[in-house]
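Each chain, written out:
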Amino acid sequence: PADNNNEIAFASDTQAPLWLEKIFLKANNNRTATKMIFKDIIDRHPVSLFLLGDVVSLGSSNRSWREMLKYLDKCRENGINVFATMGNHEVMGTGKMSKKGQRKFQTYFPEHVPTGFAEIIDSVAVILLNSNFSSLTKKEDADQINWYKNLLKKLDADPSIQYIITGCHHSPYSNSKIVGSS
């Protein structure tokens with residue numbers, strides 16, 4: 001970018017709460033927080049933004065995407081590359097609903113590959129994996145693992161890569177009383 005900023009930004013769980021979550025969980029001002037996060041990202045003007053899933057509350061819903069698309073467009077208009085991996089809210093539902101959410105996600109993030117992809121920014125490789133294991137076939141899961149192992153070997157052998165960051169949506173460990181550890 002013109003200002004020579006070499007920052008990379010990461011964010012996760014930018015979704016507004018579902019109506020059911022509003023009933024059972026106390027309000028945390030998600031919409032206000034998301035607005036503030038994107039304002040800060042645009043002000044800081046990182047070279048790239050990586051969203052680690054649960055970008056919206058319901059991936060198949062046009063309404064859920066409406067506000068988020070404004071934020072994404074604003075980032076892209078300001079020259080910020082935006083990449084993302086899916087969280088459970090993007091694949092939420094069964095059958096057609098889940099597939100519709102995945103199709104919408106792919107439309108808004110065309111670089112995304114459901115079994116993992118990588119972006120290199122300067123000397124930093126950022127790898128995003130799919131941790132929605134219940135939405136992956138056994139073959140897709142095995143393909144992702146093999147691709148990841150091979151990519152790590154390749155990146156480790158590349159002297160131009162100084163750092164490797166791997167991200168996905170689900171934490172391996174969590175203190176959440178709702179979803180627990182993966």
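Refer to the structure above for everything that follows.
From a predicted model like this one, the values you see are computed outputs, not experimental measurements.

Chemist: I keep staring at the side chain of histidine 169 and nothing clicks. Help me out?
Modeler: Take histidine 169: it is sitting in the segment after strand 6 (163-167). Judged by relative accessible area, which is 11%, histidine 169 ranks as buried. Within the local environment of histidine 169, its side chain forms a polar contact with the backbone oxygen of leucine 52, the two atoms lying 2.9 Å apart. Other than its neighbours up to four places away in sequence, histidine 169 contacts Ser12, Asp13, Leu52, Gly53, Asp54, Thr85, Met86, Gly87, Asn88 and Ser131.

Chemist: Explain the pairing of strand 5 (residues 124-128) to me, please; I cannot follow it from the model alone.
Modeler: Both faces of the sheet carry side chains from a regular strand, because those side chains alternate between them. Of all the five residues making up strand 5, five are buried; the element is thus mostly covered by neighbouring parts of the structure. Judged by which residues are buried, strand 5 turns out to be covered on both faces: Val124, Val126 and Leu128 on one side and Ala125 and Ile127 on the other are all buried. In the sheet, strand 4 (residues 117-121) pairs with strand 5 via five bridges, with the strands oriented antiparallel. Paired with phenylalanine 117 across the strands is leucine 128, a residue of strand 5. Across five bridges, strand 5 lies against strand 6 in parallel orientation. Bridging across to strand 6, alanine 125 finds its partner in isoleucine 164. In this fold, strand 5 hands off to helix 5 (residues 138-157), which returns the chain to strand 6; that crossover is right-handed.

Chemist: Help me understand the sheet that holds strand 2 (residues 48-52) in this model?
Modeler: The strands making up a sheet are joined through hydrogen bonds of the backbone, oriented either antiparallel or parallel. Strands sit in the order 1-2-3 across an open sheet of three strands; the sheet is parallel. Looking at the sheet topology across the chains shown, the edges are occupied by strand 1 (8-11) and strand 3 (81-85). Neighbouring strand axes in the sheet, compared pairwise and without regard to direction, differ in orientation by 20° on average. As paired strands, strand 1 and strand 2 are joined by four bridges and run parallel to one another. By the bridge assignment, alanine 9 is partnered in strand 2 with leucine 49.

Chemist: Would you mind showing me how to read the pattern of salt bridges here?
Modeler: Side chains that differ in charge, positive against negative, can pair when their charged atoms come close. In the structure shown here, the tally under the stated rule is four salt bridges. Of the charged contacts in the structure, one is a salt bridge between glutamate 7 and arginine 44, with a shortest N-O distance of 2.8 Å. With a gap of 37 residues between them, glutamate 7 in the segment before strand 1 and arginine 44 in helix 2 (residues 30-44) connect regions that are remote in the sequence. When its relative accessible area of 28% is taken as the criterion, glutamate 7 is described as partly exposed. Two residues, aspartate 43 and lysine 39, come together in a salt bridge whose shortest N-O distance is 2.6 Å.

Chemist: When you look at helix 3 (residues 62-77) in this model, what are you seeing that I'm missing?
Modeler: Each full turn of the α-helix corresponds to 3.6 residues, which orients residues three or four apart in the same direction. The terminal C-alpha atoms of helix 3, which comprises 16 residues, lie 21 Å apart, in line with the 22 Å expected from a rise of 1.5 Å per residue. Where helix 3 bends most, at methionine 68, the angle is about 35°. When helix 3 is considered as a whole, its buried residues turn out to be Ser64, Trp65, Met68, Tyr71, Leu72 and Cys75. Buried residues along helix 3 sit in contact with helix 2, strand 2, strand 3 and helix 4 (96-108). Phi turns positive one or two residues past the end of helix 3, at glycine 79, with a value near 75°.

Chemist: Please explain the sheet that holds strand 4 as it appears in this structure.
Modeler: The sheet built from three strands is open, its strands ordered 4-5-6 with mixed pairing. Looking at the sheet topology across the chains shown, the edges are occupied by strand 4 and strand 6. With strand direction ignored, the average angle separating the axes of adjacent strands in the sheet is 20°. Strand contacts of helix 5: strand 4, strand 5 and strand 6, with the helix running at about 180° to strand 5, the strand carrying the most contacts.

Criteria and cut-off values
- Residues numbered from 1 in each chain as written.
- Predicted model: local features only at pLDDT ≥ 70, side-chain atom pairs only at ≥ 80, totals over all residues.
- Heavy atoms only, no water.
- Helix = DSSP H or I, 4+ residues; strand = E, 2+ residues; numbered from the N terminus.
- Buried < 20%, exposed > 50% of the residue type's maximum accessible area, 1.4 Å probe, protein only.
- Polar contact = N/O pair within 3.5 Å; in protein donor to acceptor, adjacent residues only side chain to side chain.
- Contact = heavy atoms within 4.5 Å.
- Pairing = 2+ DSSP bridges.
- Right-handed = clockwise from strand over helix to strand, strands pointing away.
- Axes fitted to C-alpha atoms, helices over the stretch in contact; angles between N-to-C directions.
- Salt bridge = Lys/Arg side-chain N within 4 Å of Asp/Glu carboxyl O.
- Expected span 1.5 Å × (residues − 1).
- Bend = angle between axes of the 7 residues up to and from the residue.

These figures capture arrangement, not role.
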